Amino acid sequence: RFIQKHLKPKVMVGVQTSPHHAYCREAFVDRIKEMVNGINADVVIYYNGGKHWGFEDFKVKEYQGFKTGMEMLKEKQNIMRDDFLKGNYTHLFSLESDNIPNKNTIKDFLKHKVDLVSSLYFVKTIEHFAFEVPKGSSWWKMGLRNKGAVVRQKLIPSVWGIFGTQSRQWDIDDALPQRGLVRALSCGLGSVLISRNVLEKIKFRINEKQFTDYTFWKDAFDLGFEGFVDTDNWAEHRHLETDGDALTKWFEIA
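Residues numbered from 1 in each chain as written. Predicted model: local features only at pLDDT ≥ 70, side-chain atom pairs only at ≥ 80, totals over all residues. Heavy atoms only, no water.

1. A word on the pattern of salt bridges
The final tally for this structure, using the stated rule, is 13 salt bridges. A salt bridge links Lys33 to Asp57, with the nearest nitrogen and oxygen atoms 2.6 Å apart. Note that Lys33 is positioned in helix H1 (residues 25-36) and Asp57 in the loop between strand S2 (41-47) and strand S3 (59-62), a separation of 24 residues in sequence. The class for Lys33 is partly exposed, based on a relative accessible area of 36%. With a relative accessible area of 58%, Asp57 lands in the exposed category. A salt bridge links Lys61 to Asp83; the shortest N-O distance between them is 3.0 Å. Of this pair, Lys61 sits in strand S3 while Asp83 sits in helix H2 (residues 69-86); the two residues are 22 residues apart in sequence, bridging distant segments of the chain. (Salt bridge = Lys/Arg side-chain N within 4 Å of Asp/Glu carboxyl O. Helix = DSSP H or I, 4+ residues; strand = E, 2+ residues; numbered from the N terminus. Buried < 20%, exposed > 50% of the residue type's maximum accessible area, 1.4 Å probe, protein only.)

Here you go:
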């Protein structure tokens, strides 16, 4: 697909945020200003959580509501989509407020002329393994006779890759050998340029325990849009989690 070839690009930078990312807000705001310098762009902050600071140079829309984190995010993203479609924008740059992309990200992504393209960034995941203590092992001899468990935290790319007729979450070893634009089934929404063509056809939604990013990209894929991750464009994900339980954080009301 050739994106809006008769129009000069005009970008809406849509930021979904809350007080939880205040720890990196100054660096985040500085990076937004660097990214939009020299391009035709508006920045809109979609905020929930009371008073805010640091966004004085941008338009801020405050969301009021008490829902699960994911329901709230879905609603903010659809408000963002509505605002985008009401404007004369060609692209939405969806940005999450704990991601610090390269300062040339938007300019570089516009040059690709594709419908969906994401930065490469990494998220923390926790894996749980249960195991039986082998009889006769050193642990057995030390008196550890019951089942054991291992909890491991690792970084993985926010990419659901395509492997022939199969797909799966990328591991770090999938990201490093591949350069430039790489087709992807799904990525996050933390640093991604989306064409108007896509947003005219797709809304943000949740499917049971699936996040809005996966369903959005998958819906685009099913409609024939090609999505990409640019492995030469890394975003710094300043991850700060205290509970480590994504299902509780996003899908349950505390």
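Back to the write-up after that little detour.
2. Observations concerning a nonpolar patch on the surface
A surface patch of nonpolar side chains, amounting to about 280 Å² of accessible area, comprises Ile172, Leu176 and Trp234. Tracing the sequence through the fold places Trp234 in strand S13 (residues 227-234). We classify Trp234 as partly exposed; its relative accessible area is 42%. (Patch = residues over 30% accessible without salt bridge, like charges linked within 9 Å, V, L, I, M, F, W, Y side chains within 5 Å. Areas by Shrake-Rupley, 256 points an atom, 1.4 Å probe, with all protein chains shown as cover.)

3. So, the sheet that holds strand S6 (residues 116-120)
Adjacent strands of a sheet form backbone hydrogen bonds with each other and so pair up, either parallel or antiparallel. Taken in spatial order, the 10 strands make up an open sheet running S3-S2-S1-S4-S12-S6-S13-S11-S9-S10, and their pairing is mixed. Strands with a single pairing partner mark the edges of an open sheet, and in this sheet they are S3 and strand S10 (166-169). Strand-to-strand twist of the sheet, defined as the mean angle between neighbouring strand axes without regard to direction, takes the value 30 degrees. Here strand S9 (residues 159-163) runs beside S10; their pairing, made up of four bridges, is antiparallel. Following the sheet pairing, Phe163 is matched in S10 by Gln166. Each of strand S1 (11-17), strand S4 (91-96), S6, strand S11 (181-187), strand S12 (191-195) and S13 touches helix H3 (residues 105-112); the most contacted strand, S6, lies at about 140 degrees to it. (Pairing = 2+ DSSP bridges. Axes fitted to C-alpha atoms, helices over the stretch in contact; angles between N-to-C directions. Contact = heavy atoms within 4.5 Å.)

4. Some points on the packing of aromatic side chains
Pairs of aromatic rings are described using the distance from one ring centre to the other and the angle between the two planes. All told, the structure shown has five aromatic pairs when counted by the stated rule. Between the aromatic rings of Trp160 and Tyr214, the centroid separation amounts to 5.9 Å while the plane-to-plane angle is 80 degrees, which identifies the pairing as edge-to-face. Of this pair, Trp160 sits in strand S9 while Tyr214 is found in helix H7 (residues 212-222), placing the two residues 54 residues apart along the sequence. On the basis of relative accessible area, Trp160 is assigned to the partly exposed category, the value being 27%. Relative to Phe216, the ring of Phe204 lies with its centre 4.6 Å away and its plane at 15 degrees, an arrangement referred to as stacked. Here the residue Phe204 occupies a position in the loop between helix H6 (196-199) and H7, and Phe216 occupies one in helix H7, the gap between them amounting to 12 residues. (Phe/Tyr/Trp six-rings, centres within 6.5 Å; stacked < 30°, edge-to-face > 60°.)

5. What about the environment of Asp115?
With respect to the element layout, Asp115 can be found in the loop between H3 and S6. The exposure class assigned to Asp115 is buried, which follows from its relative accessible area of 3%. Remark: the alpha-carbon pair of Asp115 and Ala220, spanning 105 residues in sequence, is separated by 9.3 Å. Only 2.7 Å separates the side chain of Asp115 from the side chain of Ser195, close enough to count as a polar contact. (Polar contact = N/O pair within 3.5 Å; in protein donor to acceptor, adjacent residues only side chain to side chain.)

6. Overview of the nonpolar core
Soluble, globular proteins show a tendency: their nonpolar side chains are buried together. Counting residues in each nonpolar core, the largest one holds 28 residues, and the members touching the most others are Met12, Leu116, Ile194, Val198, Phe216 and Val229. Going through the elements one at a time, S2, H2, S6, S11, S12, H6 and H7 are the ones with two or more residues in this core. Apart from residues no more than four positions distant in its own chain, Leu116 is found in contact with Val192, Leu193, Ile194, Val198, Phe216, Trp217, Ala220, Glu226, Gly227 and Phe228. By size, the runner-up hydrophobic cluster in this structure holds 23 residues, among which are Val11, Val15, Phe28 and Met35. (Core = buried A, V, L, I, M, F, W, Y, C linked by side-chain atoms within 4.5 Å.)

7. Considerations on unusual backbone geometry
What is expected of a backbone is that most residues other than glycine have negative phi and most peptide bonds are trans. Phi is positive for Lys113, close to 55 degrees, though the residue is something other than glycine. One can find Lys113 in the loop between H3 and S6. On the basis of relative accessibility, which here comes to 42%, the residue Lys113 falls in the partly exposed class.

8. Structural notes on H1
The terminal C-alpha atoms of H1, which comprises 12 residues, lie 17 Å apart, in line with the 16 Å expected from a rise of 1.5 Å per residue. Restricting attention to buried positions, one finds in H1 the residues Arg25, Phe28, Val29, Ile32, Met35 and Val36. Buried residues along H1 cover an arc of 125 degrees about the axis, so they all sit on one side. Buried residues in H1 make contact with S1, S2, S4, strand S5 (99-100) and H3. Taken from the residues just after H1, Gly38 is the one with a positive phi, measuring 90 degrees. (Expected span 1.5 Å × (residues − 1). Arc of directions from axis to C-beta.)

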